[in-house]
Amino acid sequence: MLFINTRPEDRAVNLTQALLEMGHQVINLPLLELVAEPFSVNLRELYQQLEQVQVIVVVSPTAVDVGMQYLQQQKISLDQLKHVQWIAVGQATAQALAKFNIDSHIPEVETSEGMLDLPILNQQVHLDKVAFWRGLGGRQFMMQQLQQQGVEILNFVLYRRQCPIQSVTLFPKILKKIMPSQPVMVLISSEASWNNWQQLCGQNNIDVKWIYLALGERLTQLLKNARLQTHQEINIIQLDNLSISEIIQRIGAWQGRI
């Protein structure tokens, strides 16, 4: 089986190594690279309000890195934010926060829905203001849900996502290596990744029956809708999180059915 690991380069290494050790063929094809947004007047105004929030939602290790860099630039100490509860989208983000001695709430399912299910968000009566440290275009659903509950959102757009140029060049070469009837499994970890994947596929003549590992229920449904619209013969497997054990378990379950 061929596994296409679409995670950003710095987050792909451990999964790729684990799959190689199991005897799978793995190709790294990052669908996203994260580029810091320059510090702006808007970000300065948001940082000036940060002490007023009850919760800071951090959506990636990159958001931690850039957010803390700008926090120090604005001379805001973590002691000034002692009252704040922190939410990390997953273990990697929580570990990045832990380097700053910050304990964070982590959802069981590493998605917007998973974070919304956290008691800190759905059971706190006096939740007035929440900050999001995020990338351009990310977590719109989660912010909309909180706004509908009357929560004020401070929207820190700290970085942007783009499809790496090297992946655009590499993709046609990958297609040429795929053997007829070879199972090809693709990791899809976000809507932005899926959009970039679709763009790559649209630029190439493809006759492959893909098997997608999609993170979370909402992303899985997005792929199912695309399958209905395009009438493609694709398999979709839902992941609850992006841990190596979860991915290996889902691969094993799929292999057990064929």
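Preceding block: the structure.
Calculation criteria
- Residues numbered from 1 in each chain as written.
- Predicted model: local features only at pLDDT ≥ 70, side-chain atom pairs only at ≥ 80, totals over all residues.
- Heavy atoms only, no water.
- Buried < 20%, exposed > 50% of the residue type's maximum accessible area, 1.4 Å probe, protein only.
- Helix = DSSP H or I, 4+ residues; strand = E, 2+ residues; numbered from the N terminus.
- Pairing = 2+ DSSP bridges.
- Right-handed = clockwise from strand over helix to strand, strands pointing away.
- Contact = heavy atoms within 4.5 Å.
- Axes fitted to C-alpha atoms, helices over the stretch in contact; angles between N-to-C directions.
- Core = buried A, V, L, I, M, F, W, Y, C linked by side-chain atoms within 4.5 Å.
- Polar contact = N/O pair within 3.5 Å; in protein donor to acceptor, adjacent residues only side chain to side chain.

Novice: Please set out the pairing of strand β1 (residues 2-5) residue by residue, giving values where relevant.
Specialist: Residues L2 and I4 line one face of β1 and the alternating positions F3 and N5 line the opposite face, and both faces are buried. Summarising the sheet, β1 and strand β2 (residues 25-28) pair through four bridges and their orientation is parallel. Residue pairing in the sheet places L2 in a bridge with Q25 of β2. In this view, the connection linking β1 to its parallel neighbour β2 by way of helix α1 (residues 9-21) has right-handed handedness. With three bridges joining them, β1 and strand β9 (residues 184-188) adopt parallel strand pairing. Considered in β9, the bridge of I4 is made with V186.

Novice: Just give me the short version of the environment of L2, but keep the residues and values in it.
Specialist: Along the chain, L2 turns up in strand β1. Along the chain, L2 and V13 lie 11 residues apart, while their C-alpha atoms are 16 Å from each other. If we skip the residues at most four places from it in the chain, L2 touches Q25, V26, I27, I178, Q182, P183, V184 and M185.

Novice: Quick rundown of the sheet that holds β2? Include the residues and the values.
Specialist: Read from one edge of the open sheet, five strands run β2-β1-β9-β10-β11, paired in parallel fashion. Lying at the two open borders of the sheet, with one neighbouring strand each, are β2 and β11 (235-239). On average, adjacent strands in this sheet sit at an angle of 20° to one another, irrespective of strand direction.

Novice: Pulling in residues and values, what's your account of the environment of T6?
Specialist: Along the polypeptide, T6 turns up in the loop between β1 and α1. In this structure T6 comes out as buried when scored by relative accessible area, which is 1%. As for T6 and I188, which are separated by 182 residues in sequence, their C-alpha atoms are 7.0 Å apart. Ignoring any residue separated from it by four or fewer positions in sequence, one finds T6 in contact with L29, P30, L31, V186, L187 and I188.

Novice: Residues and numbers for the nonpolar core, please.
Specialist: Grouped together as the largest cluster of nonpolar side chains are 46 residues, with contacts concentrated most on L50, I56, W86, W133 and F156. In this structure, L15, C201, I236 and W254 belong to the second largest nonpolar core, which totals 39 residues.

Novice: Describe the environment of Q145, listing the residues and the values that go with them.
Specialist: Its location among the elements puts Q145 in helix α7 (residues 140-148). For Q145, a relative accessible area of 26% corresponds to the partly exposed category. In the structure, Q145 is positioned 101 residues away from R44 in sequence and 25 Å away in space, judged by C-alpha atoms.

Novice: Break down the side chain of T16 for me, citing the residues and quoting the values.
Specialist: Along the chain, the position of T16 falls in helix α1. Owing to a relative accessible area of 10%, T16 belongs among the buried residues under this scheme. Side-chain polar atoms of T16 contact the side chain of N28, separated by 2.7 Å. Ignoring any residue separated from it by four or fewer positions in sequence, one finds T16 in contact with N5, V26 and N28.

Novice: Just give me the short version of unusual backbone geometry, but keep the residues and values in it.
Specialist: Non-glycine residue K75 carries a positive phi angle of around 60°. Within the secondary structure layout, K75 lies in the loop between α3 (61-73) and β5 (85-88). Judged by its relative accessible area of 73%, K75 is exposed. With a phi close to 65°, S181 is a non-glycine residue in the positive phi region. Residue placement: S181 occurs in the loop between α8 (165-177) and β9.

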